[in-house]
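# What the coordinates show
Read off the chains here:
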Amino acid sequence: TTQTTTTTTTNTGFEKGDFLVREEQGNRVYFDFFEEAFNYIANKGYARMHREEEKEWIELMNIIHDSVKGGMKYNTGTLLMVLSRPITVLPPGEAASVKKSSSRGRGTSKERVNP
């Protein structure tokens with residue numbers, strides 16, 4: 001069993017909604033108000049990264065976007081915040097037994113990921 005983190009970002013500057021939350025696995029959720037976006041991700045267990053870590057992450061994303069010749073194909077918006085949450089990664093055999101037990105309604109409150 002190992003401990004790792006997953007990240008989500010909050011961006012602004014889109015037509016569908018003023019704020020966009022990008023979650024793991026490419027899920028995108030739009031909100032009209034920042035408070036709605038923040039509450040949505042906070043309720044999923046995410047917390048804002050430490051300032052230095054968040055700053056490094058934002059700088060890296062800006063470098064990546066700037067490296068695309070001719071600019072990004074899609075509107076990336078302006079990155080406002082980077083949040084993360086810890087997750088537990090189980091070995092493949094152990095993850096399979098968790099899936100079986102959770103399908104019987106006896107799952108755990110921790111998110112389980114099979115790498």
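Check the entry above for the structure.
Residues numbered from 1 in each chain as written. Predicted model: local features only at pLDDT ≥ 70, side-chain atom pairs only at ≥ 80, totals over all residues. Heavy atoms only, no water.

### Here's the deal with the overall build of the chain
Across its full length, the chain holds three helices and six strands. Counting helices and strands in the order they occur from the N terminus, the chain gives β-β-β-α-β-α-β-α-β. Here the chain holds 115 residues, and the buried ones make up 28% of them. In the chain, once contacts between residues fewer than 6 apart in sequence are set aside, the share between residues at least 24 apart is 59%. When the accessible surface of the chain is split by element, carbon and sulfur atoms take 51% of a total near 8100 Å². (Helix = DSSP H or I, 4+ residues; strand = E, 2+ residues; numbered from the N terminus. Buried < 20%, exposed > 50% of the residue type's maximum accessible area, 1.4 Å probe, protein only. Contact = heavy atoms within 4.5 Å. Areas by Shrake-Rupley, 256 points an atom, 1.4 Å probe, with all protein chains shown as cover.)

### Notes on the pairing of strand 2 (residues 19-22)
Two faces, one strand: in a regular strand the side chains alternate between the faces of the sheet. With four bridges joining them, strand 2 and strand 3 (residues 28-31) adopt antiparallel strand pairing. Directly across from Phe19, in strand 3, lies its bridge partner Phe31. Here strand 2 folds back onto strand 3 in antiparallel fashion, the turn holding five residues, of which Gln25 has a positive phi close to 60 degrees. (Pairing = 2+ DSSP bridges.)

### Some details on the pattern of salt bridges
Tallied over the entire structure, the rule returns two salt bridges. Linking Lys44 and Glu23 is a salt bridge whose minimum nitrogen-to-oxygen distance equals 2.8 Å. One end of the pair, Lys44, is in the loop between helix 1 (34-42) and strand 4 (47-48); the other, Glu23, is in the loop between strand 2 and strand 3, and 21 residues separate them in sequence. What makes Lys44 partly exposed here is its relative accessible area of 35%. With a shortest N-O distance of 3.0 Å, Arg48 and Glu54 are connected by a salt bridge. Looking at Arg48, the relative accessible area reads 48%, which means it is partly exposed. For Glu54, a relative accessible area of 6% puts it in the buried group. (Salt bridge = Lys/Arg side-chain N within 4 Å of Asp/Glu carboxyl O.)

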